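# Structural characterization, general
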Amino acid sequence: MGPVQRRLSQLLGGCRRKPWAQICFCATSGTRFRTYSTSNVTEAADPDPLDIHRQRLLMWFSHLPQEEKQFGGYFSPETMHVDPLILEREPEEQSGLLSSALTPNAQYLSKTVEQLFDSTPSWDSSRGLNVLLYGAVGTGKSTVVRKLVQDWCRGRTLGQFKLLIPFSCDDLSQLSKTSSLRDLVSRKYLHLRRHPLLSGEGVQARDVLFLFNGLEKMKLDFRIGSTELCSDPNEPLAPGVVVVNLLRKYLLPEASILVTTRLSALDRVPTKYVGRYAQICGFIDPDRQRAYFAGRLLQQTGDTPPKEEAQALVELLYLNLQRESQLAAACFLPSYCWLTCATLHFLHFTNANAPIRTLTGIYTSFLRLNFGGEVLGMGTGAGMPIQEHHNSLMLFVVRTLGKLAFDGITNKRTSFSEKELEQWIGGETKTDEELRKLAMFRTDVLDFFLAPCVESNKNLPPEVDDQEEQRYVFAAPAMQEYLAALYVVLGENKSVLEKLSKQVSTVIGQTSEDLSAFIVILSKFIPLRIFTIFNLLKLFPKLFEKFSLQNKGRIARTLATEMFRTEDSENEDVLDQVEQNLLGVHGPHQPQSSQEQPFELYPIFMGGLLNYGNRVLLQQLGCTIHNSTVAQITKALRNYLVRELSKPQPPEELVDLLFLLYEFQNPRLTADVLSSIRSIRLSDIRMTSLKCYVLSSVLSCTPPSYHLEVLDLSSCLLTHDMLQILLPAFRHTHHLNLQFNSLGPESCLLLRDLLLDPTSCIKSLELCDNPILDSGVSSLLEALPHNDSLCHLSLMHTGLADGGAIELAQSLQAQSCLEELNVAYNNIGDNAALSLVDACREHPTIHTLHLYLNALSDVGKQSLYVRGDRSKSGRKVRVLASVTEGSDLSENWHPILSVITENAKSWDRERVKQQLRVFLRDLEWGRQQQPYFWKRLHFRRVEKGVKQTLKMLEKDDVAHVCNVCNKPPQK
């Protein structure tokens, strides 16, 4: 040891003998001195176990579930928590006041968990209070518990308790060995191993609050003959016995206890052991629902959604809730508020930087969040039968409600009567055990999936339209399609022959295994014909495999058939339908009858359920989809999709197909299917960020050699941000149509980079009717010298003026492959137009220039045709400026009128009508100059077409004025 270390050791030793001493030593920099007190060192070495407990509890209960992290990870319980309605109940009315009995506009006195532990005159202060907090699935019990623990750790609530000890009844039910109360506590909270509050001495335990979450997971028995009495916290007992003695107030009677449970487990604890009952009733009023939506959708942290768009969504949701729509009935449960927000976040705030999310994944995560790891039984302890461990609650849901959902889709129905529910869910006569499980299912789960229909006579069959009976619908409309898809994909929709072949195969297979060894021994003594019979019997398992393979093919055929239904081709695309179900339809619309009810999410969910990530989540829920099943369905589906795509599809159906491929998340299948598609025409589709992301993601699965001939995104309401998402998709395109969108000058910077990309192969770029102006054109021109693929450039009606036209003329010589240039309907004058014609005439490949609907004089038009005529090099450039060329009819009059007629209603009508009148004047003057009858007749035919277009515009103007004035147009 050196002298410095020895001296430091002496100083530290002296400080240990004198706690009040202080040490001053030089830091490594030699310029600063710090003073450390040994009392602080002592506190750091021996921190208070209660402080450690608060810190660790806060850390554990602040962890967001995986279902929350997939939406960007910026949700926090602090900012998005909304207290559900909690009502104190009397013991005799503990099971009443379900969702159907609550009145939305009534006033209820909501309690907080802290108020439930307030002292009352009848409360014995020497004994702790037992509070039983119960509610249906999805009402928010776990969320309330999480927020309660976090608030206690921060000192905001339940300040009368020094120690809060939460337990999961699911964890306790899994313990097989005996443990004392202190061992149970130290097993999870080691820092509380020997804490005096749990010693049982004196009345120290009155500062302790035990929290048992999910009592329905445990099988408690309060009978004295079955559960022994115990008052020693150190005596090893079964976990259920420890909990029973705590509730009996025989073990740590001064401690208070909060128990949460579902409705089916209310009678697990006798009434005499419960001091107060409280029921969580969810969000009974729209204001709580709106507060939840605002907390979820208005989060602003980092790169988050625009607040204006999120605020508009919240307002639309609130309007839909105020109409007492079906959404309001579903959002009675906070879980469905979560599903609504997750779906809207997926629809509106998807971007290229977000993790991959699918709608099927959202619904699968939603079910895992509410039913993860649960079985349909009284408990999962060591004494339960082994088969009950594998009785998946979710599988029971699929076999009952999934079958009901599938029948509804088959018969185009979304509502069901009580008799139908009894038929599908009650079924035939069952054993006592099955009836017990069915009763639990109806109490805890049925109301979670089904809600009373609030929209009368909607989607009802004609035969029951006049009957007054309560009908039920799935709380979320898409949930019916999800469960039906899961029912089919899991292979539950088997024919009688398939069920019989499976049973016979199982029996024969087991018998053949037992007989194999015996037959081998007797093979020398039995005739050959016996071996033949035995081998025939062994064929039954292979016969079943053949039936199973046909079943997988039928699933793929069903998926393809539902995907390309002819009657659904006129519906909006499926993403718009999902949005309308959540936000409602505002403005005039035609309600669809029951026979026209579209179920277009059903096949998409079928494809999404085959995705590996969703299959992993379903495996945790007890619903297994094997890899062999997925491979068989995928193989058959590939053939059906390729066959159907040989026919032209409407844009809405094409969006649904792209969404199906996106949900499937199978790059190989996507590439095989897209190999048969050479054009994607999505004209007039309302594009969103999500649809752009889906299109780009799907096309990214194709190999570099794949190219689209046409990608039509005209009239799709594209913005600059959407264009940025779509850039990877544009690299696969030859002819890109971006007409009639909202692309400004900043978007041309992205298009410039696209044209400069060596992997890009764009031959035609149409930017008509986008306000890109001269500055945007200037950005595009930077790419022309370095691009050798662009042949057609359309800048019609883009706000191009003389300055931009002259700059364009100067840049044409640097581009050697352009063939056609369209700058019609801009603000180009005579001089700039002449410069363009001269530049095109000198260009080696340009053969057509569009200049009509510009500010050109008659003299300027004549000069254009003279300049465009054959030059010394022998080239001629077609200049489309007017329907006449002097006194002759232009040979290009037909394409000019075709373009004007096609776009007249979307352009400035006064300017178009003014130009048409100029055309009529020129045609009339030219006709008068013609000496031959046939030429005059030709002029009249062109005049007739111009007059028809002019009359159409004037008629539309009159109709618009009459609509504003609420007067019928005169005939």
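Note that the coordinates shown come from a computational prediction; the quantities given were computed from them, not determined experimentally. (Residues numbered from 1 in each chain as written. Predicted model: local features only at pLDDT ≥ 70, side-chain atom pairs only at ≥ 80, totals over all residues. Heavy atoms only, no water.)

## Topic: the overall build of the chain
- On a plain count of helices and strands, the chain comes out with 39 helices and 21 strands.
- Every one of the 971 residues in the chain was classed for burial, and the buried ones make up 51%.
- By sequence separation, contacts in the chain at least 24 residues apart represent 78% of the contacts at least 6 residues apart.
- In the structure as shown, the chain presents an accessible area of about 46700 Å², 52% of it carried by carbon and sulfur atoms. (Helix = DSSP H or I, 4+ residues; strand = E, 2+ residues; numbered from the N terminus. Buried < 20%, exposed > 50% of the residue type's maximum accessible area, 1.4 Å probe, protein only. Contact = heavy atoms within 4.5 Å. Areas by Shrake-Rupley, 256 points an atom, 1.4 Å probe, with all protein chains shown as cover.)

## Remarks on the confidence of the model for the chain
- Counting all residues, the mean pLDDT for the chain is 79, and 77% of those residues have values of 70 or more.
- Note on residues 7-44: pLDDT is under 50 here. Beyond four places in sequence and across chains, it has 24 contacts.
- Confidence drops under a pLDDT of 50 for residues 495-513, and excluding neighbours within four residues, the segment shows 19 contacts in the predicted structure. (pLDDT = per-residue confidence, 0-100.)

## Overview of the state of the cysteines
- Applying the stated criterion across every chain, the model contains zero disulfides.
- The cysteine C791 is free of any disulfide, with C817 supplying the nearest cysteine sulfur at 5.1 Å.
- For C791, a relative accessible area of 21% puts it in the partly exposed group. (Disulfide = S-S within 2.5 Å.)

## A closer look at the pattern of salt bridges
- Within this structure, the stated rule accounts for 24 salt bridges.
- Measuring nitrogen to oxygen at the nearest pair gives 3.8 Å for the salt bridge that ties D207 to K162. Of this pair, D207 sits in the loop between helix 9 (181-188) and strand 6 (208-213) while K162 sits in the loop between helix 7 (141-153) and strand 5 (163-168), and the two are 45 residues apart along the sequence.
- Judged by relative accessible area, which is 18%, D207 ranks as buried.
- Between D285 and R288 there is a salt bridge, with the nearest N and O atoms lying 3.0 Å from each other.
- Here the salt bridges do not stand alone but share partners, grouping D573, D576, E579, R686 and K691 into one network. (Salt bridge = Lys/Arg side-chain N within 4 Å of Asp/Glu carboxyl O.)

## Overview of the sheet that holds strand 16 (residues 792-794)
- If you trace the eight strands from one edge of the open sheet to the other, you get 12-13-14-15-16-17-18-19, paired in parallel fashion. Looking along the sheet, the strands with just one partner apiece sit at the ends: strand 12 (679-681) and strand 19 (878-880). When strand polarity is set aside, the average angle formed by the axes of neighbouring strands in this sheet is 10 degrees.
- The pairing of strand 18 (residues 848-850) with strand 19 spans three bridges and is parallel. (Pairing = 2+ DSSP bridges. Axes fitted to C-alpha atoms, helices over the stretch in contact; angles between N-to-C directions.)

## Thoughts on the nonpolar core
- One finds F449, L738, L836 and L851 to be the most contacted residues of the largest nonpolar core, which totals 185 residues.
- When residues no more than four places from it in sequence are discounted, the contact partners of L836 are A805, L808, A809, L812, L821, V823, I828, L849 and L851.
- Of all hydrophobic cores here, the second largest spans 67 residues; its members include V145, V149, V269 and A278. (Core = buried A, V, L, I, M, F, W, Y, C linked by side-chain atoms within 4.5 Å.)

## Side note on the pairing of strand 7 (residues 256-261)
- Burial runs high along strand 7: six of the six residues are buried.
- Side chains S256, L258 and T260 of strand 7 all project onto a buried face; the interleaved residues I257, V259 and T261 project onto the opposite face, where all are buried too.
- Alignment of strand 4 (residues 130-134) against strand 7, held across five bridges, turns out to be parallel. The residue bridging L133 from the neighbouring strand is T260, located in strand 7.
- For strand 6 and strand 7, the ladder comprises five bridges, and the chain directions are parallel. Note that in strand 7 the partner of L211 across the bridge is L258.

## Quick word on the packing of aromatic side chains
- Under the definition given, this model contains 24 aromatic pairs.
- Ring centres 5.7 Å apart and planes at 10 degrees place the aromatic pair F167 and F212 in the stacked group. Of this pair, F167 sits in strand 5 while F212 sits in strand 6, placing them 45 residues apart in sequence.
- A relative accessible area of 7% means that F167 is categorised as buried.
- On the basis of relative accessible area, F212 is assigned to the buried category, the value being 3%.
- Ring-pair connections join several aromatic residues into one group, and the members of that group are Y336, W338, F366, F371, F448 and F449.
- Lying over the aromatic face of W152, R54 brings its terminal NZ or CZ to 4.0 Å of the ring centre.
- Geometry around Y318 places R290 over its ring, the cationic atom sitting 4.4 Å from the centre. (Phe/Tyr/Trp six-rings, centres within 6.5 Å; stacked < 30°, edge-to-face > 60°. Lys NZ or Arg CZ within 6 Å of the ring centre and 35° of its normal.)

## Re the packing of helix 14 (residues 334-348) against helix 24 (residues 574-583)
- Two elements in contact, helix 14 and helix 24, have axes separated by 11 Å at closest approach and are oriented at 140 degrees. Regarding the angle of helix 14 to helix 24, the classification is oblique. Read as a crossing pair, helix 14 and helix 24 show a hand that is left-handed. Of the residues in helix 24, those in contact with T340, T343, L344, L347 and H348 of helix 14 are L575, V578, E579, L582 and L583.
- Each residue belonging to the contact of helix 14 with helix 24 can be placed in one class, and the counts come to six nonpolar, three polar and one charged. (Parallel < 35°, antiparallel > 145°, perpendicular 65-115°, else oblique. Left-handed = near helix turned anticlockwise from the far one by under 90°. Nonpolar A, V, L, I, M, F, W, Y, C, P; charged D, E, K, R; others polar.)

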